[in-house]
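# Analysis of the macromolecular model
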Amino acid sequence: MNFGKKTAYLSLVILMTSIEANKGFAQEQEVDWHESMRDLQYSPRYFGPNAFPMPELRNGRIGTRWEVELRGEYHAYDGDRTKDVYARAFIPVAEGRAGVEVGYVVYEYYNTTQATVEERHAAGRYWEEGAHGDVVVSSFYQLLKSEKWADVMLEATLKTASGNRLADARYTDAATYWFNLNIGRYLYKSPDNQYSFRIHGLSGFYCWMTNDIIHRQNDAILYAGGVSGTCGNFTLDADMAGFYGYKNNGDRPLQLRIKLNCEYRKNILSLRYRHGMKDCLYDSFSVACIRCF
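Anyway, here's the lowdown on the structure attached to this text.

A full pass over the atoms with the stated rule returns 22 salt bridges. The partner of Asp-80 in a salt bridge is Arg-170, with the nearest N and O atoms 3.2 Å apart. Within this pair, whereas Asp-80 is found in strand β2 (residues 80-93), its partner Arg-170 is found in the loop between β5 (151-159) and β6 (176-189), the two being separated by 90 residues in sequence. For Asp-80, a relative accessible area of 0% gives the class buried. Classification of Arg-170 by relative accessible area gives buried; the value is 0%.

Dropping the structure here:
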């Protein structure tokens, strides 16, 4: 009987010791995880593909139709595979003299390698429930509209801090904003408007908040240039876009972007490919449906 009591008492002591050890290990892991967040690099190279949106090149003209878009995207490089669903709405104001646009990554699923996790100081390789992105609100103002000279449009955009999974280096949980001038001009346009060729570019300023207690924000020069052509209901766009941060800590992404649109009865099927260069690591493919009103 005494031997049985001693055995039970010894087993209880071992069990309690194991529980306390596990608690201590869990607390230590939690501390380590929070400490590693201080090492996150707030730059495109060390975050997910949607954390630092690249502004669109809009050819200098504001659209005159309402647009609602739903887009499926796939982003890939050796260290990450990401899928997301993106939604966008555009509202013209004053017959195209101004406009407002709201974009949002509704859902993002990602799966990174352990090497990427360590490089980015992230907490984990994936999150079973996925992530959601930041709300991006843009406003546009038509400064000049002239087929003889050029079309000039001003864009002002704010990216909110609504995205989650900062711990996995998916979204920054910090505000970003940019301003730019879009300029475009026709080089050729047929009398029946069925065929055209156009050049366009943009230049501006891109800024985002960081976790650096000394340099609280990173400032970048924003630039893009490209061409577009139309043939009946088809439109093909090709451009090069990027921004150049002053810290040189992975803040100088560059993208080659190609987009093909086909419109039928105010419905647009849009296919897009983006090739990442320099500090943009991802190649992206997307299919979108756009409804115009």
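The geometry of an aromatic ring pair comes down to the distance between the two centres and the angle between the two planes. Taken as a whole and judged by the stated rule, the model has twelve aromatic pairs. When the ring of Tyr-42 is compared with that of Phe-47, the centres are 5.4 Å apart and the planes differ by 65°; the resulting orientation is edge-to-face. Taking 5.2 Å as the distance between ring centres and 75° as the angle between the ring planes, the aromatic pair formed by Phe-52 and Trp-208 counts as edge-to-face. Here Trp-208 lies in strand β7 (residues 195-209) and Phe-52 lies in the loop between α1 (2-36) and β1 (67-77), a separation of 156 residues in the sequence. Residue Phe-52 shares its accessibility class with Trp-208, and that shared class is buried. Here a set of aromatic residues connected by ring pairs shows up, and it is made of Tyr-42, Phe-47, Phe-52, Trp-178, Tyr-206, Trp-208 and Phe-243.

Another aspect to go through is the sheet that holds β7. Two modes of strand pairing occur in sheets, parallel and antiparallel, and in both the strands are linked by backbone hydrogen bonds. Strand order in the closed barrel formed by twelve strands is β1-β2-β3-β4-β5-β6-β7-β8-β9-β10-β11-β12, and the pairing between neighbours is antiparallel. Averaged over neighbouring strand pairs, the angle between their axes works out to 20° when direction is ignored. Bridge count for strand β10 (residues 253-264) against strand β11 (residues 267-278) is twelve bridges, and the pairing is antiparallel. Looking at the pairing, Glu-263 lines up with Ile-268 of β11.

Structurally, Asn-182 can be placed in strand β6. A residue is classified by how much of its surface remains accessible, and Asn-182, at 0% relative accessible area, is buried. Separated by 2.9 Å, the side chain of Asn-182 and the backbone nitrogen of Arg-58 make a polar contact. When near neighbours in sequence (up to four residues on either side) are disregarded, Asn-182 contacts Glu-56, Leu-57, Arg-58, Asn-59, Gly-60, Asp-151, Val-152, Met-153, Glu-155, Gly-201 and Leu-202.

This next bit is on the side chain of Glu-73. Along the chain, Glu-73 falls in strand β1. Residue class for Glu-73 comes out buried when judged on its relative accessible area of 6%. Among the polar contacts made by the side chain of Glu-73, one reaches the side chain of Arg-71 at a distance of 3.0 Å. With near-sequence residues (within four places) excluded, Glu-73 lies in contact with Asn-50, Thr-82, Lys-83, Asp-84, Tyr-86, Arg-274, Phe-285 and Ser-286.

About the thresholds
Residues numbered from 1 in each chain as written. Predicted model: local features only at pLDDT ≥ 70, side-chain atom pairs only at ≥ 80, totals over all residues. Heavy atoms only, no water. Salt bridge = Lys/Arg side-chain N within 4 Å of Asp/Glu carboxyl O. Helix = DSSP H or I, 4+ residues; strand = E, 2+ residues; numbered from the N terminus. Buried < 20%, exposed > 50% of the residue type's maximum accessible area, 1.4 Å probe, protein only. Phe/Tyr/Trp six-rings, centres within 6.5 Å; stacked < 30°, edge-to-face > 60°. Pairing = 2+ DSSP bridges. Axes fitted to C-alpha atoms, helices over the stretch in contact; angles between N-to-C directions. Polar contact = N/O pair within 3.5 Å; in protein donor to acceptor, adjacent residues only side chain to side chain. Contact = heavy atoms within 4.5 Å.

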